Amino acid sequence: MHDDELLTVTEVMARLRLGRSTVYDLIRTRRLPSVTIGRCRRVPASALGDFIAEQMERAA
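Residues numbered from 1 in each chain as written. Predicted model: local features only at pLDDT ≥ 70, side-chain atom pairs only at ≥ 80, totals over all residues. Heavy atoms only, no water.

### A closer look at a nonpolar patch on the surface
Okay, so step 1: On the surface, L6, V35 and I37 cluster together into a nonpolar patch covering about 230 Å² of accessible area.
Okay, so step 2: Relative to the assigned elements, L6 resides in strand β1 (residues 6-8).
Okay, so step 3: Judged by its relative accessible area of 36%, L6 is partly exposed. (Patch = residues over 30% accessible without salt bridge, like charges linked within 9 Å, V, L, I, M, F, W, Y side chains within 5 Å. Areas by Shrake-Rupley, 256 points an atom, 1.4 Å probe, with all protein chains shown as cover. Salt bridge = Lys/Arg side-chain N within 4 Å of Asp/Glu carboxyl O. Helix = DSSP H or I, 4+ residues; strand = E, 2+ residues; numbered from the N terminus. Buried < 20%, exposed > 50% of the residue type's maximum accessible area, 1.4 Å probe, protein only.)

Below you can see the structure in the form of structure tokens.
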């Protein structure tokens with residue numbers, strides 16, 4: 001069993017300092033992987049880390 005922390009969209013918004021619609025757009029376009037549990041959308045912390053690393057790589 002994987003022990004990855006799941007973040008809410010609000011937590012992702014705070015960490016990236018982005019608005020709700022931008023975060024949902026990243027999820028919708030599959031640039032930021034997520035899972036749905038019931039009616040709740042969650043982003044694995046490792047997926048957020050990978051996304052940030054990819055953005056840093058592109059900027060370099």
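### With respect to the sheet that holds β1
Okay, so step 1: Taken together, the 3 strands give an open sheet; going across it, the order is β1-β3-β2, and neighbouring strands pair in antiparallel fashion. Each of the sheet's edge strands pairs with one partner strand only, and the pair in question is β1 and β2 (35-37). Averaged over all pairs of adjacent strands, the angle between strand axes in this sheet comes to 45°, irrespective of strand direction.
Okay, so step 2: Sheet strands in contact with helix α1 (residues 9-16) are β1 and β3 (40-44), and its direction is about 85° off that of β1. (Pairing = 2+ DSSP bridges. Axes fitted to C-alpha atoms, helices over the stretch in contact; angles between N-to-C directions. Contact = heavy atoms within 4.5 Å.)

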